[in-house]
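Listed below, chain by chain, are the residues.
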Amino acid sequence: MKALLLVLVLVIGVCEGGNLRKHFYRKTCPQAEDIIRNITWSHVATNPVLPAKFLRMHFHDCFVRGCDGSVLIDSTTNSIAEKDSIPNLSLTGFDVIEDIKSAVEKACPGIVSCADILALAARDSVSFMGKKPLWKVLTGRRDGKISLASEVFGNIPSPFSNFSTLLQDFKNKKLTVHDLVVLSGGHSIGVAHCNVFSNRLYNFTGRGDQDPSLDAKYAAFLKTKCQTLTDTTTTVDLDPRTPLTFDKDYYVILKQNKGLLQSDATLLTTKISRNIVGELTNSAKFFTEFAQSMVRMGAIQVLTGTQGEIRNKCNLINS
């Protein structure tokens, strides 16, 4: 019986992120998670768009080389890093991560990875409004030593993708169709630049037409915001109903054909994904499923044990 229990514990550990575990720093830096939460909350209190920024940054980090903090590394004269690739140029909040890292280093030098700081800051920022963690973050990640802009396009899902392409992107990371639809709920907060969806307004099939799947009244509203195909400065809320509140409304508007991006709208194009969208309009279901998918995403290709390093600064590889 004891042997069976041990096997079950090991299986659960593997399913929840391999060598990652809850409260990894309990003995080596017991105050780490409190420091990260408190500084994150202090920044979000004065900058309410940070939750969307950190959630997106964490996502972009995990989909390239795994959740190793490589998106935080600066480019050098010899190498262009991930953060300077086109899909990542709109990422912001790196200064806040460095602020958190500096405070953690003062408390516990060389102990807490930047990859874990980013994962915790993403969770804590989104959880700020309710003042309770919306998902658990298993810790123990190590920091990667490589960051290449050339690897970004082939790994981060595109806002222009159809369903089959998105699904393959997620399968490549050992995530499921369910994870795809659930994690798309991150678009409950945040904005998108006009140029990543204006083809749906003005040139959907290359004939100067509008995407027929987009709600007509919503399309008319979007045209008042985005008046050209090439507008790269104007932004529009991904969720027009509650743009600063992390909730299930993303799926409500999606069912109304008001998903902003092509990658949103395509979730309605297959029966299985449509059914999941319908289920996630239930608030309790959404929060439960999102929490589970975030644990799975946060475990993508993680470095643990003696792999990688613990960076002294999140933007620089240790010399």
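Everything numeric here is computed off the predicted structure, so don't read it as measured data.

(A) Representation of the environment of Leu-72 in the model. With respect to the element layout, Leu-72 can be found in the loop between α3 (50-63) and α4 (94-107). Leu-72 sits in the buried class, given a relative accessible area of 2%. Taking the C-alpha atoms as reference points, Leu-72 and Thr-92, 20 residues apart in sequence, are found 10 Å from one another. When residues no more than four places from it in sequence are discounted, the contact partners of Leu-72 are Met-57, Lys-83, Phe-94, Ile-97, Cys-114, Leu-118, Arg-311, Cys-314 and Asn-315.

(B) Expanded view of a positive patch on the surface. Judged by side-chain charge, Arg-21, Lys-22, Arg-26 and Lys-27 come together as a positively charged surface patch. Within the element layout of this structure, Arg-21 appears in the loop between α1 (2-15) and α2 (32-46).

(C) Region of interest: α4. Helix length check: α4 (14 residues) gives 20 Å between terminal C-alpha atoms against 20 Å at 1.5 Å per residue, within 8%. Among the residues making up α4, those that are buried are Phe-94, Val-96, Ile-97, Ile-100, Lys-101, Val-104 and Glu-105. Packing partners of the buried residues in α4 comprise α2, α3 and α5 (114-126).

(D) Up close: the nonpolar core. Membership of the largest hydrophobic core comes to 71 residues, with the highest contact counts inside it found for Met-57, Leu-72, Ile-97, Phe-290 and Met-297. Every residue in contact with Phe-290, bar those within four places of it in the chain, is listed here: Leu-55, Trp-135, Val-182, Leu-183, Gly-185, Gly-186 and Phe-246.

(E) View of a nonpolar patch on the surface. Taken together, Ile-86, Leu-89 and Phe-153 make up a surface patch of nonpolar side chains, about 370 Å² in accessible area. Here Leu-89 lies in the loop between α3 and α4.

(F) Structural detail: the pattern of salt bridges. Counted according to the given criterion, the structure contains 11 salt bridges. Across the pair Asp-211 and Arg-200 runs a salt bridge, and its minimum N-O distance is 2.9 Å. On the criterion of sequence distance, the pair formed by Asp-211 in the loop between α8 (199-202) and α9 (216-225) and Arg-200 in helix α8 is long-range, its members being 11 residues apart. It is possible to trace a salt-bridge network through shared partners that takes in Arg-241, Lys-248 and Asp-249.

(G) Structural context of the packing of aromatic side chains. In total, this model carries 14 aromatic pairs according to the counting rule given. An aromatic cluster is defined as three or more aromatic residues linked by ring pairs; in this entry it consists of Trp-135, Phe-246, Tyr-250, Tyr-251, Phe-286, Phe-287 and Phe-290. Sitting above the plane of the Phe-94 ring, Lys-83 keeps its charged end 4.2 Å from the centroid. Against the face of Trp-41 rests Lys-131, its NZ or CZ located 5.4 Å from the ring centre.

(H) How the structure looks around the state of the cysteines. In the structure shown here, the tally under the stated rule is four disulfides. Here Cys-114 engages in a disulfide with Cys-314; their sulfurs sit 2.2 Å apart. Since a negative S-S torsion denotes a left-handed disulfide, the Cys-114-Cys-314 link at about -95° is left-handed. Taken together, the positions of Cys-114 in helix α5 and Cys-314 in the segment after α13 (283-297) put the pair 200 residues apart, joining distant regions of the chain. For the pair shown, Cys-114 and Cys-314 are each scored as buried. Across the chain, the disulfide pattern expressed with sequentially numbered bonded cysteines is 1-4, 2-3, 5-8, 6-7.

(I) Highlighting unusual backbone geometry. Phi is positive for His-23, close to 55°, though the residue is something other than glycine. Among the secondary structure elements, His-23 is positioned in the loop between α1 and α2. Of the residues examined, His-23 reaches a relative accessible area of 33% and is grouped as partly exposed. Here the phi dihedral of Lys-174 falls at roughly 65°; this positive angle occurs in a residue that is not glycine.

(J) Here's a closer look at α3. With 14 residues, α3 ought to run about 20 Å at 1.5 Å a step, and its terminal C-alpha atoms sit 20 Å apart, in line with that. Buried residues dominate α3, accounting for 12 of its 14 residues. Residues of α3 that are buried: Leu-50, Pro-51, Ala-52, Phe-54, Leu-55, Met-57, His-58, Phe-59, His-60, Asp-61, Cys-62 and Phe-63. Against α2, α4, α5, α6 (163-171) and α13 lie the buried residues of α3.

(K) The arrangement of the packing of α3 against α13 in detail. For the pair α3 and α13, interaxial distance at closest approach is 10 Å and the crossing angle is 45°. Here α3 is positioned oblique relative to α13, judged by the angle of their axes. For the pair α3 and α13, the contacting residues are Leu-55, His-58, Phe-59, Cys-62 and Phe-63 in the first and Phe-290, Met-294 and Met-297 in the second. Residues of the contact of α3 with α13, tallied by class, amount to seven nonpolar, one polar and no charged.

Parameters at a glance
Residues numbered from 1 in each chain as written. Predicted model: local features only at pLDDT ≥ 70, side-chain atom pairs only at ≥ 80, totals over all residues. Heavy atoms only, no water. Helix = DSSP H or I, 4+ residues; strand = E, 2+ residues; numbered from the N terminus. Buried < 20%, exposed > 50% of the residue type's maximum accessible area, 1.4 Å probe, protein only. Contact = heavy atoms within 4.5 Å. Patch = residues over 30% accessible without salt bridge, like charges linked within 9 Å, V, L, I, M, F, W, Y side chains within 5 Å. Areas by Shrake-Rupley, 256 points an atom, 1.4 Å probe, with all protein chains shown as cover. Salt bridge = Lys/Arg side-chain N within 4 Å of Asp/Glu carboxyl O. Lys, Arg positive; Asp, Glu negative; His and termini not counted. Charge placed at Lys NZ, Arg CZ, Asp CG, Glu CD. Expected span 1.5 Å × (residues − 1). Core = buried A, V, L, I, M, F, W, Y, C linked by side-chain atoms within 4.5 Å. Phe/Tyr/Trp six-rings, centres within 6.5 Å; stacked < 30°, edge-to-face > 60°. Lys NZ or Arg CZ within 6 Å of the ring centre and 35° of its normal. Disulfide = S-S within 2.5 Å. Axes fitted to C-alpha atoms, helices over the stretch in contact; angles between N-to-C directions. Parallel < 35°, antiparallel > 145°, perpendicular 65-115°, else oblique. Nonpolar A, V, L, I, M, F, W, Y, C, P; charged D, E, K, R; others polar.

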